[in-house]
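A look at the structure
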Amino acid sequence: MAEGAGVGGGRRQVVVPAQSGRAARVRRGDLVQVVDIEGHQVGDLWAVDAADHRRWLSVSHTRDRSERLFPAVGGAFCDHWGEPVLELAWDTSPGVHDMFFPACDRWLYESRGLAGHPNCRDNFLAAAASAGIVLPVVPDPVNLFQNSGPRPDGTLAIGVAASAPGDAVAFLARRDLVVIVTACSVDYPPLNQGRCSPLRVEIGPADRLRRRKRAL
Ligand SMILES: [Zn+2]
């Protein structure tokens, strides 16, 4: 497991290099803040119950329980039982995120003639394994900063991530978790504006991070 360096005050940070993934253990009551360091970079987020790996954040159940495409600030992300896993604490980005698309995978890139391309699915599997987690499926992730969604005619639009450098989304952990974040590997337009960059995950007690509202 690639735990991050301590930065004082009980806070830790984990840098997720471009086109890779990292896992981190999070305690109930901690805040988890995902920072788009350079801007326009999608981050895929998963959360698995640390005490029961059969329970993980389910984006479909989250849509069902919230009756929204993406929870509002204060809203919960749920597992298959409808029980809260994470709560959206704040969002300094334009608030454009996705819960429709799966993680990018090797077959997506192969279909574009890009064999052996880094991808979020394999990066998730490696990061999860580093934390001792092996799931029977790769759950659909929460696609942070991903600018995609339905048009009125039923098609799905995909645009450049709207996030600017330093934009951040923070979540309150509602139970002990292993959180996995991948910096999405799509290196052709539009998704990540044609270039892949790193993300930073900041973890710490809620009272320590709440004061900062903005990325370090
Ligand atoms: Zn991806």
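All of these numbers come straight from a predicted model, not from anything done at the bench.

Brief notes about the overall build of the protein
- Secondary structure assignment for the protein yields 4 helices and 13 strands.
- Radius of gyration (C-alpha) of the protein: 16 Å, near the 17 Å computed for a compact globule of 216 residues.
- Taking the principal axes of its C-alpha atoms as reference, the protein extends roughly 45 × 35 × 35 Å.
- A buried classification covers 44% of the 216 residues belonging to the protein.

Section: unusual backbone geometry
- Of note, the bond from Pro-189 into Pro-190 is cis; its omega dihedral lies within 30 degrees of zero at 5°.
- Note that Pro-190 resides in the loop between strand E12 (177-183) and strand E13 (199-205).
- If you check the backbone angles, His-40 has positive phi at about 60° while not being a glycine.
- For His-40, the location among the structural elements is in the loop between strand E4 (30-36) and strand E5 (43-49).
- On the basis of neighbour counts, which here come to 21 C-beta atoms within 10 Å, the residue His-40 falls in the buried class.
- The phi dihedral of Phe-145 falls on the positive side, at around 65°, and the residue is not glycine.
- You can call Phe-145 buried: it has 30 C-beta atoms within 10 Å.

Let's talk about the pairing of strand E11 (residues 167-173)
- Counting buried residues along E11, 7 of its 7 residues qualify, which places the element largely inside the surrounding structure.
- The alternating pattern of E11 places Asp-167, Val-169, Phe-171 and Ala-173 and Ala-168, Ala-170 and Leu-172 on opposite faces, both of which are buried.
- Of the strand pairs in this sheet, E4 and E11 are connected by 6 bridges, and their pairing is antiparallel. Bridged to Gln-33 within E11 is Ala-170.
- One ladder, built from 5 bridges, connects strand E7 (residues 84-91) with E11; its direction is antiparallel. Residue pairing across strands places Leu-86 opposite Ala-173, the latter belonging to E11.

Rules of the game
Residues numbered from 1 in each chain as written. Predicted model: local features only at pLDDT ≥ 70, side-chain atom pairs only at ≥ 80, totals over all residues. Helix = DSSP H or I, 4+ residues; strand = E, 2+ residues; numbered from the N terminus. Rg over C-alpha atoms; globule rule 2.2 N^0.38 Å. Buried ≥ 20, exposed ≤ 12 C-beta atoms within 10 Å, placed from the backbone. Pairing = 2+ DSSP bridges.

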